[in-house]
Every structure is written in C-alpha cells, then in structure tokens.
Amino acid sequence: MKKIVIASDHAGFSLKEEVKKHLNEKGVEFEDLGTNSKDSVDYPVFASKLCKKIQSGEYETGILICGTGIGMSMAANKHKGIRAACVSDTFSARATRMHNNANVLCFGERVVGAGLAFELVDAFLFTDYEGGRHQRITPCVAWGNTYRFVQEYTIVF
Ligand code: RB5
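All residue numbers refer to position in the chain's written sequence, counted from 1. Residues qualify for local features only when their pLDDT is at least 70, as the model is predicted, and side-chain atom pairs are given and counted only at 80 or more; totals for whole chains, interfaces and linings, by contrast, use all residues. To get the side-chain values, all heavy atoms of the structure are used, and hydrogens and water are removed first.

Right, let's talk about the sheet that holds strand S4 (residues 84–86) for a bit. Taken in spatial order, the five strands of this open sheet run S2-S1-S3-S5-S4, and their pairing is parallel. Because the sheet does not close on itself, it has two edges, and the strands there are strand S2 (30–32) and S4. Going across the sheet, the axis of each strand differs from the next one's by a mean of 20 degrees, ignoring polarity. Taken together, the five bridges between strand S3 (residues 62–66) and strand S5 (residues 104–108) define a ladder with parallel strand orientation. Here the rule is simple: two strands pair whenever DSSP picks up at least two bridges between them. By definition, any uninterrupted DSSP run of H or I lasting at least four residues is a helix, any uninterrupted run of E lasting at least two residues is a strand, and each is numbered from the N terminus. Note on method: axes are straight lines fitted to C-alpha atoms, helices fitted across the in-contact stretch only, with angles between N-to-C directions ranging 0 to 180 degrees.

Now for the site of the ligand. The nearness test applies per residue and asks whether one of its heavy atoms lies within 4 Å of the molecule or strand. Close contacts around the ligand come from Asp9, His10, Ala11, Tyr43, Cys66, Gly67, Thr68, Gly71 and Arg110, and that covers them all. Contact between the ligand and aspartate 9: an oxygen atom at 2.6 Å from a side-chain N or O atom of the residue. Identification of polar contacts relies on pairs of N or O atoms within 3.5 Å, with a donor-acceptor requirement for protein atoms, meaning one able to donate a hydrogen and the other able to accept it, and with residues adjacent in sequence counted only if both atoms are side-chain atoms. Glycine 67 has a polar backbone atom sitting 2.8 Å from an oxygen atom of the ligand. Surface exposure here means Shrake-Rupley accessible area, sampled with a 1.4 Å probe, where a residue is shielded only by the protein chains that are shown. Burial of the ligand by the protein amounts to 73% of the accessible area it has alone, namely 290 Å². Three residue categories are used. Nonpolar comprises Ala, Val, Leu, Ile, Met, Phe, Trp, Tyr, Cys and Pro, charged comprises Asp, Glu, Lys and Arg, and polar comprises the others, including Gly. Considered class by class, the residues forming the shell around the ligand number three nonpolar, four polar and two charged.

This next bit is on the pairing of strand S1 (residues 4–8). When a residue's accessible area, from a 1.4 Å probe over protein chains only, is under 20% of the maximum for its type it is buried; when over 50% it is exposed; and in between it is partly exposed. The buried count for S1 comes to five of five residues, which makes it a mostly enclosed element. Strand direction decides the pairing type here: S1 and S2, joined by three bridges, are parallel. When the sheet's bridge partners are listed, valine 5 is paired in S2 with glutamate 31. Relative to S3, S1 runs parallel, the two being bridged by four bridges. Each residue of the ladder has a partner; that of isoleucine 6, found in S3, is isoleucine 63.

Here it is, written out as structure tokens:
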C-alpha cells in the first residue's frame, strides 16, 4: 500500500483523527494536510491542497472529510484529473474504485460514525480498479476531459 494523503475541515477534524489511528493500525502511511483543530476553516482550501498533491503525482490516493463529505467532493471534483466519490456505504466505496477508479474518498463526520468510516476507508484503499470496459469511460468523468467525451459522442447537455 502506497502512502496516502488526508485532509479535513473543522467539521471533519475529529473523525480525521480517528481515521489516522485506524490507518496507523493498518500500517498505511499518510501525510496529514490539516486542518489541525475544530476552529472554523473553509473546506475548499483543504480539498484544493489535497488535490494538488495528487495532481503533482506525489500521491495517488486521498481522503477528504468534512461535515457531510459533499462539499469536499464538490470542491475536489473541480480539479483536473480528480475523481472524488462521496460515499456512506461500503458497497459504493468498493464500487467507485472498481468502476470509476476514484482517487479521492470523501465522507462526512456528521453522517458516518468512526466504525463505518474505517470500513469505508478499508473498502476504498484495498479495492483495485477493474479497468476493462470501464477504461474508455473513466477518464471522461474527470474535470478537463468532459469536452472530449462530448465531442466523441455528440452528447448535448
Ligand atoms: C461546515 O459547517 C460544513 O458546511 C462542511 O463541513 C461541509 O459539510 C460542507 O459540505
């Protein structure tokens, strides 16, 4: 397992600390980009910090935690090459790796408890992309590649 990167806003800070303990127990190395307290911060700033680390190639996989996971995933998905999935069930955490090759896992401290969060993390980190039939489509769901998809399939939206 390669080293991963993790970040949260204030609303995800406590769960991030729990997830870090879990990663240590699993022997998964990580870099924590903050935030480092429950003081209010803007979640897009932390989403952006983490996505830039993946875009640079320093990391392949990241975890973002906010109150719901939704804001983090919205912000993360504006970054080219990022496929962020906001999930709160293990089926989706596994499926988004297998089918979407998601590279950022998002969830919310106000939505999932620590026990479920650990299961989401494990499902996400220890599931491989299936490739195959998904390989044609997966690049097209990342920001920056959508236009090519529209051109090729003349989809109007
Ligand atoms: C912070 O209050 C909250 O809005 C944020 O953590 C997140 O849930 C946004 O989607």
